[in-house]
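# Structural overview for review
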Amino acid sequence: MADILILAAHPDLAQSHITHTLLDAAFACADRLIEVRDLYRLYPDYAINAEAEQRALEGARLVVLLHPLHWYGMPALLKLWIDEVLKFGWAYGPGGQALRGKDLWVATSAGGSAEAYSTGGHHGHPIETFLLPYERTALLCGMRWLPPLVVHDAHRLTDAQIDAHGHAFGKRLLDYPAWATAVPLEAEPEVPLDERPALFSSLDGEGN
């Protein structure tokens, strides 16, 4: 099984220069066991096979979320993937040890510049603020959160600049886990069984 799992989530991959370039760099890493799962190709109807996804995750040491930044977050299918696949009792909570000790790395692209993603910039916050849900998800699942790869100015980069980002992405994959082990693995927060949030609100007919 592959020790690196790349979950690619681009709603229109055929039109993406950056995501395509990063994927090409991954496919070129012949010396690594890498599995790429194109979520929008696998699940055009959004009917995710959670068991198949969990099997893919179990064999990986490094999980890469590769996608463009959509409205300060992840594309819709990737969010649904997290909801459906990272189950209570499997990924977190009592007995949820399946992802413990694995590494999570986000590789994303944004139309705004690094300056725009700053406290005084157009978006009012650094990019790390918008990626905080990813970091907390990693911690909850007992995973190591690795510094993300963010490609800024996605619509203004030259082909040479995009190729450079692809080269950097491929080199990181090839050099894993040497660069990842320098990042400390935090202790995940415990989620007691009786504190699990309800999946659905009950309808008791009294407006509650």
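### Points about the overall build of the chain
For the chain, the helix and strand inventory stands at seven helices and six strands. Shown N-terminal to C-terminal, the secondary structure of the chain runs as helices and strands in the order β-α-β-α-α-β-α-β-α-α-β-β-α. By residue count, 47% of the 208 residues in the chain fall in the buried class. Long-range contacts, defined as pairs at least 24 residues apart, comprise 79% of the intrachain contacts of the chain with a sequence gap of at least 6.

### With respect to helix α4 (residues 76–85)
Burial in α4 covers these residues: L77, L78, W81, I82 and V85. One side of α4 holds all its buried residues, which, seen down the axis, span an arc of 145°. Packed against the buried residues of α4 are β1 (4–8), α2 (39–42), α3 (50–58) and β3 (62–68).

### Quick word on the side chain of R37
Relative to the helices and strands, R37 is located in strand β2 (residues 34–38). Here the side chain of R37 touches E53 through a polar contact of 2.6 Å, side chain to side chain. Apart from the residues lying within four places of it in its own chain, the contact partners of R37 are L5, I6, L7, A8, L42, Y43, A52, E53 and A56.

### With respect to the packing of aromatic side chains
This model, assessed by the stated rule, comprises seven aromatic pairs. Judged by centre distance (4.7 Å) and plane angle (20°), the rings of Y72 and F130 are stacked. On the criterion of sequence distance, the pair formed by Y72 in the loop between β3 and α4 and F130 in helix α5 (residues 127–130) is long-range, its members being 58 residues apart. For F130, a relative accessible area of 14% translates into the label buried. A network of ring pairs unites the aromatic residues W105, F169, Y176 and W179 as a single cluster.

### Describing the confidence of the model for the chain
Residues with a pLDDT of 70 or more make up 89% of the chain, whose mean pLDDT is 89. Model confidence for the chain, summarised as mean pLDDT per element, is weakest for α5 at 87 and strongest for α2 at 98. Predicted confidence for residues 201–208 stays below pLDDT 50, and this span has one contact to residues more than four positions away or in other chains.

Conventions adopted
Residues numbered from 1 in each chain as written. Predicted model: local features only at pLDDT ≥ 70, side-chain atom pairs only at ≥ 80, totals over all residues. Heavy atoms only, no water. Helix = DSSP H or I, 4+ residues; strand = E, 2+ residues; numbered from the N terminus. Buried < 20%, exposed > 50% of the residue type's maximum accessible area, 1.4 Å probe, protein only. Contact = heavy atoms within 4.5 Å. Arc of directions from axis to C-beta. Polar contact = N/O pair within 3.5 Å; in protein donor to acceptor, adjacent residues only side chain to side chain. Phe/Tyr/Trp six-rings, centres within 6.5 Å; stacked < 30°, edge-to-face > 60°. pLDDT = per-residue confidence, 0-100.

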